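# Descriptive structure summary
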Amino acid sequence: MSFEKDDRRAPRVGTVKEVTSLSNPIIKDIRALSQKKHREETGTFMAEGLKLVIDALELNWSIRTLIYAKAAKGKAPVEKVAAKTVASGGLVLEVSEKVLSAITRRDNPQMVVGVFESHYRPLGDIRPEENETYVALDRVRDPGNLGTIIRTADAAGAAGVILVGETTDPFSIETVRATMGSVFALPVSRTEPRAFLDWAKNSGAEIVATHLAGSVDYRTIDYSKRPVVLLMGNEQQGLPAELADGAGRLARIPQQGRADSLNLAVATGVMLYEARRHLLSLDPPEAGQ
C-alpha cells in the first residue's frame, strides 16, 4: 500500500505523515488526550494496541487518527487498519518509538494507537428487556476498577454500564487499557443521581444494590423475574442514602476473615455472575443468538 507523504505542511485527510518530533502540533494534540478536559473538548480518546484498534473498527467506532511505529510498517494487519482509516477520512501517522512512548506515556509502548470519537448511550434510550442486566456505578474513582468492571460486564453478557454522579472517565487511557477492548463492545451511559432514580423507577427493572446495611444474602435473590440493575457504591464511601433508598433490594455478600470489604471490581464481578447465573452456560450460543 502506498500513501502520500508530505512533511512540508499539515497533512491532508486521507494521507500518511511521517513524524519524528515531539514538538509537532498534531502530536501535541494527541498527547493532550491524557487530560480529561481535552478529551471532553475534542470528543476523542486514545486506544492502545492493534487488537483494540481492530475491535473498535469492526464495531464501527469512528477513527480520527491512526498512529503506528516505523517498525510496524509493512505488516499486513497494520496496513489493513491504515487502509480502513484512510477510507473513513482519518489521518495516519508513522512515528518514531520516542514519539509513541511520549503519546502513551509508556517505556515499551504498543506499536499501534488509535484516536477515536467517544460517545455515550443516552440513559433515556435504555429500556431494560427480559434477561438484561445493567451495572450502575456510583462515583467510581479508580480507572482500573472501572476498566475491569466494563470488561467483566462484557464477559458476563451484561447489556451496559451506567455511571452515576462524578466518576472517573471511561475513556481515559488507563480505563480503556483495563477494559481490554470491552469499552468498544459495551454501551456506557452517564447521569446524575436524581435522573438515575427517576429512570430506575420507571424502567421496570429490579434495582439490586449492595450495601453494608443489606439484610438479604445476594445468593437468595431471584434475578430471573425481571431485568436487573446492579447498583454498586463508591470505593470508599459505599452508596449514599439517596441511592440506597431508591433500590428495590439491599443485598450483601457474606464474608469471613479479617478483610472488612471487597474491592469494587471484585464485588461487582461476584454480583454479575450470580445475577446472570441462570443465563450463562459453557456451551457456545446457537447461531443467530
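Computed from a predicted structure; not experimentally measured.

Reading the values: rules and limits
Residues numbered from 1 in each chain as written. Predicted model: local features only at pLDDT ≥ 70, side-chain atom pairs only at ≥ 80, totals over all residues. Heavy atoms only, no water. Core = buried A, V, L, I, M, F, W, Y, C linked by side-chain atoms within 4.5 Å. Buried < 20%, exposed > 50% of the residue type's maximum accessible area, 1.4 Å probe, protein only. Helix = DSSP H or I, 4+ residues; strand = E, 2+ residues; numbered from the N terminus. Contact = heavy atoms within 4.5 Å. Axes fitted to C-alpha atoms, helices over the stretch in contact; angles between N-to-C directions. Parallel < 35°, antiparallel > 145°, perpendicular 65-115°, else oblique. Left-handed = near helix turned anticlockwise from the far one by under 90°. Nonpolar A, V, L, I, M, F, W, Y, C, P; charged D, E, K, R; others polar. Expected span 1.5 Å × (residues − 1). Pairing = 2+ DSSP bridges. Salt bridge = Lys/Arg side-chain N within 4 Å of Asp/Glu carboxyl O. Phe/Tyr/Trp six-rings, centres within 6.5 Å; stacked < 30°, edge-to-face > 60°.

### Remarks on the nonpolar core
- Val135, Leu137, Val161, Val208, Tyr223, Leu230 and Met271 are the most contacted members of the largest nonpolar core, which has 29 residues in total.
- Among the secondary structure elements, those contributing two or more residues to this core are strand E6 (133–138), helix H6 (143–156), strand E7 (160–164), strand E11 (228–232) and helix H11 (264–275).
- The element contributing the most residues to this core is H11, with six residues.
- With sequence-adjacent residues up to four places away left out, Val135 is seen in contact with Ile149, Ala153, Gly160, Val161, Ile162, Leu230, Met232, Thr268 and Leu272.
- Phe45, Val53, Tyr68 and Val92 belong to the second largest nonpolar core, which has 21 residues in total.

### What about the environment of Leu59?
- Counting through the fold element by element, Leu59 comes out in the loop between helix H3 (50–58) and strand E3 (63–69).
- Accessibility expressed as a relative area gives 42% for Leu59, which makes it partly exposed.
- As for Leu59 and His38, which are separated by 21 residues in sequence, their C-alpha atoms are 24 Å apart.
- The contact partners of Leu59, leaving out residues within four places of it in the chain, are Phe184 and Ala185.

### A few points about the packing of H6 against H11
- Running from N to C, H6 and H11 cross one another at 15°; their axes reach a closest spacing of 9 Å. Here H6 is positioned roughly parallel relative to H11, judged by the angle of their axes. Our pair here, H6 against H11, has a crossing hand that is right-handed. Between H6, through Asn145, Thr148, Ile149, Thr152, Ala153, Ala155 and Ala156, and H11, the contact on the second element is made entirely by Leu264, Ala265, Thr268, Gly269, Leu272 and Tyr273.
- Considering only residue class, the contact of H6 with H11 consists of eight nonpolar, five polar and no charged.

### Details of H11
- The first and last C-alpha atoms of H11 sit 16 Å apart over 12 residues, in line with the 16 Å expected at 1.5 Å per residue.
- Among the 12 residues of H11, nine are classified as buried, and the element is accordingly described as predominantly covered.
- Taken as a whole, H11 has its buried residues at Leu264, Ala265, Ala267, Thr268, Gly269, Met271, Leu272, Glu274 and Ala275.
- Where H11 is buried, its residues contact E6, H6, strand E9 (206–210) and E11.

### A few points about the sheet that holds strand E12 (residues 249–252)
- On the basis of which strands lie adjacent, the open sheet formed by seven strands has the order E8-E7-E6-E11-E9-E12-E10 and parallel pairing. Looking along the sheet, the strands with just one partner apiece sit at the ends: strand E8 (188–191) and strand E10 (216–217).
- Pairing between E9 and E12: three bridges, direction parallel. Its bridge partner being in E12, Ala209 is matched across the sheet by Leu250.
- The strands touched by helix H9 (residues 193–201) within the sheet are E6, E7, E8, E9 and E11, with E7 carrying the most contacts at an inclination of about 135°.

### A look at the pattern of salt bridges
- Here the structure, examined in full by the defined rule, presents 15 salt bridges.
- Salt-bridge contacts for Lys36 lead to Glu166; the nearest nitrogen and oxygen are separated by 3.6 Å. Taken together, the residues span a long stretch of sequence, with Lys36 in helix H2 (residues 36–42) and Glu166 in the loop between E7 and helix H7 (173–179) at a distance of 130 residues.
- We note a salt bridge from Glu48 to Arg106, for which the minimum N-O separation is 3.5 Å. In this pair, Glu48 is assigned in strand E2 (residues 44–48) and Arg106 in the loop between helix H5 (97–104) and strand E5 (112–117), connecting sequence segments 58 residues apart.

### Some remarks on the environment of His119
- Looking at the secondary structure, you find His119 in the loop between E5 and E6.
- Residues His119 and Ser189, 70 residues apart in the sequence, show an inter-C-alpha distance of 8.9 Å.
- If we ignore the near neighbours within four places in the chain, the residues touching His119 are Trp61 and Phe171.

### Things to note about the packing of H3 against helix H4 (residues 76–87)
- Viewed as axis vectors pointing N to C, H3 and H4 meet at an angle of 40°, and their least axial separation amounts to 11 Å. By the angle between their directions, the pair H3 and H4 is classed as oblique. The crossing of H3 and H4 is left-handed. Between H3 and H4, the residues in contact are Leu50, Val53, Ile54 and Leu57 and Pro77, Val78, Val81 and Lys84, respectively.
- Per-class residue counts for the contact of H3 with H4 are seven nonpolar, no polar and one charged.

### Describing the packing of aromatic side chains
- Taken as a whole and judged by the stated rule, the model has nine aromatic pairs.
- Ring centres of Phe45 and Phe116 lie 6.2 Å apart, and the angle between their planes is 35°; on these two criteria the pair is classed as tilted. Of this pair, Phe45 sits in strand E2 while Phe116 sits in strand E5; the two residues are 71 residues apart in sequence, bridging distant segments of the chain. The residues Phe45 and Phe116 share a single accessibility class, namely buried.

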